[in-house]
Number of protein chains: 2
Amino acid sequence: MNVFYLPEAQIGFVTLSEEESKHCVRVLRMQIGDNVCITNGTGLLMDAELVDAHPKHCILNITSQRKGNDFWSFHLHIAIAPTKNIERIEWFLEKCTEMGIDEFSIFTSQHSERRIVKPERLEKIIVSAVKQSIKSRLPTLNPSIQFNDLAKQDFHGRKYIAWINETITETLVNDYKPGENAMILIGPEGDFSRDEVELAIKFGFKPISLGSSRLRTETAGIVACQTIQLLNQLK
Amino acid sequence: MNVFYLPEAQIGFVTLSEEESKHCVRVLRMQIGDNVCITNGTGLLMDAELVDAHPKHCILNITSQRKGNDFWSFHLHIAIAPTKNIERIEWFLEKCTEMGIDEFSIFTSQHSERRIVKPERLEKIIVSAVKQSIKSRLPTLNPSIQFNDLAKQDFHGRKYIAWINETITETLVNDYKPGENAMILIGPEGDFSRDEVELAIKFGFKPISLGSSRLRTETAGIVACQTIQLLNQLK
């Protein structure tokens, strides 16, 4: 089933964006009468039929809608430092979106080698993963932020900082309890600076380990996301 | 700390391979007297000093050795169908090696779009991830195999097939018990054929779900690996 993203979708006739229309007609070579699925990114999946296969403004007839099954009882926010090779962050965004996440932040910190990210490209990666994994909800990608500002933000739930330090014996898998909201900070290739860790602790973040393996930044992000999802699936 | 892979490493003077020597001298620009770490891939990490920075055959003096901390009480074997875009399998190999795994198999199945993989390149990815995550043990990459032959292989432990089917209600996270050996089959983009699932069941594989998300092949592999590692870390 081909899935399209259309935030303003509702029952009746709708027009796809130019980009989605091109994908529909030129890439997927869909034809009038073909059935498609639409996600509105805010919790609904819809069934529709292609009624005009125009390469710039496809028209669909949405006949039914249902709530997606990607709802969970907690809020998961992962904040990560950009990797030198941005492709690694793109994979992180794709994998976490597939696994299930609510909110992403990208922050620059003292040891970040990369300072600039292009949100448009990252947003596209997330939308693509939402469609591929038939999610009804689009995770939020917050505007880039300085670490110090991020650490001071309000968050109602458990706040963790994944710190690579031998003195840290508590692990995310053994500290987090199912149902809790969680915000997890993942550092850059050169790890957080000691100042950053101290600031985070001051604002209520708990230093935790993600296990005994030395993980790359993007792997740590994926492991954190999957840890929270798995613990919430355990019976 | 820079890590090199040298299967025959032992206390005393050793020579790096031409490729590792080039990396050491030309890329990392290491000099005589610099300290390095060596993994022998079979459980030992060693401390060494560079004594001859020759770009084709570096000589190291290994002064001490210790057992790595990447030992666990179970054996984890993940068998996966190659993705159309082989880069996705490369990421799977890298991430699972970082997270911790013992054995990989790549199999061709009825719905595999790709039939040929180059083991040399995949082996390099695994070695690179072993070095990057300072693992002392190199996961085994078995020669490519047909699905039917793989399903018939002996395995002492739990055997699972991750099957995307609404009738499957049991999940890996709730079926697997810590300490058990596990072999997990992950299908291609077009999923396993029904014949393949039936053959696997006949040979003792249990169909399980990896959760309610529709995951890409390589994501399913990463989730399976992390599920087993996490359950074994739970106290």
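Scroll up for the structure.
About the thresholds
Residues numbered from 1 in each chain as written. Chains lettered and ligands numbered in written order. Predicted model: local features only at pLDDT ≥ 70, side-chain atom pairs only at ≥ 80, totals over all residues. Heavy atoms only, no water. Pairing = 2+ DSSP bridges. Helix = DSSP H or I, 4+ residues; strand = E, 2+ residues; numbered from the N terminus. Axes fitted to C-alpha atoms, helices over the stretch in contact; angles between N-to-C directions. Contact = heavy atoms within 4.5 Å. Buried area = accessible area lost by both parts, 1.4 Å probe. Salt bridge = Lys/Arg side-chain N within 4 Å of Asp/Glu carboxyl O. Parallel < 35°, antiparallel > 145°, perpendicular 65-115°, else oblique. Disulfide = S-S within 2.5 Å. Buried < 20%, exposed > 50% of the residue type's maximum accessible area, 1.4 Å probe, protein only. Arc of directions from axis to C-beta. Least-squares fit on C-alpha atoms with pLDDT ≥ 70 in both.

Asker: I'd like to hear about the sheet that holds strand S2 (residues 12-15) of chain A, residue by residue, with values.
Answerer: Paired through backbone hydrogen bonds, the strands of a sheet run either parallel or antiparallel to each other. Residues and elements named next belong to chain A. The strand order across the open sheet built from five strands is S1-S3-S4-S5-S2, with neighbouring strands paired in mixed fashion. Strand pairing shows two members of the sheet lacking a second neighbour, strand S1 (3-5) and S2, which therefore form its edges. Taken pair by pair, the neighbouring strands of this sheet meet at an average axis angle of 40°, ignoring direction. Both S1 and strand S3 (residues 35-39) contribute to a ladder of three bridges, which runs parallel. Pairing of Phe-4 across the sheet is with Ile-38, part of S3.

Asker: Explain the interface of chain B and chain A to me, using residue names and the numbers behind them.
Answerer: Contacts between chain B and chain A engage 34 residues on the former and 34 residues on the latter. In total, chain B and chain A occlude about 3100 Å² of area from one another, counting both sides; carbon and sulfur atoms represent 51% of this. Seen at the junction of chain B and chain A, the total is six salt bridges. One salt bridge connects Arg-88 of chain A with Glu-94 of chain B, and the closest N-O pair in it is separated by 2.8 Å.

Asker: Can you lay out the packing of helix H2 (residues 86-99) of chain A against helix H2 (residues 86-99) of chain B for me, pointing to particular residues and giving the numbers?
Answerer: The geometry of H2 of chain A relative to H2 of chain B is characterised by a closest axis approach of 13 Å and an angle of 85° between their N-to-C directions. As the angle between them shows, H2 of chain A and H2 of chain B are arranged roughly perpendicular. Taken together, the residues of H2 of chain B that come into contact with H2 of chain A (itself represented by Glu-87, Arg-88, Trp-91, Glu-94 and Lys-95 of chain A) are Glu-87, Arg-88, Trp-91, Glu-94 and Lys-95 of chain B.

Asker: Tell me about the state of the cysteines, residues and numbers included.
Answerer: Should the sulfur atoms of two cysteines be covalently bonded, the bond is a disulfide. Using the criterion set out here, one finds zero disulfides over all chains in the structure. Looking at the unpaired Cys-58 of chain A, the closest cysteine sulfur is the one in Cys-24 of chain A, lying at 3.9 Å.

Asker: Talk me through helix H6 (residues 194-202) of chain B; I want residue IDs and the actual numbers.
Answerer: All names here are of chain B. Every buried residue of H6 is listed here: Glu-196, Val-197, Leu-199 and Ala-200. Projected down its long axis, H6 carries its buried residues within an arc of 160°, all on one side. Across from the buried face of H6, at angles greater than 90 degrees, the exposed residues are Arg-194, Asp-195 and Lys-202. Those residues of H6 that are buried are in contact with helix H4 (147-152), strand S10 (158-162) and strand S11 (182-186). Residue Gly-204 follows H6 closely and has a positive phi angle near 95°.

Asker: How would you summarise the relation of the copies chain B and chain A if you had to cite specific residues and measurements?
Answerer: Both copies of the chain are tied together by a single rotation about an axis and a shift running along it. Overlay of chain B on chain A (RMSD 0.0 Å): rotation 180°, translation along the axis 0.0 Å. On this basis, the relationship between the two copies can be described by a two-fold rotation axis. The position closest to the rotation axis in chain B is occupied by the C-alpha of Gln-226 of chain B, lying 3.8 Å away. Of all interface residues in chain B, 100% are interface residues in chain A too; the two copies therefore contact each other through one and the same surface.

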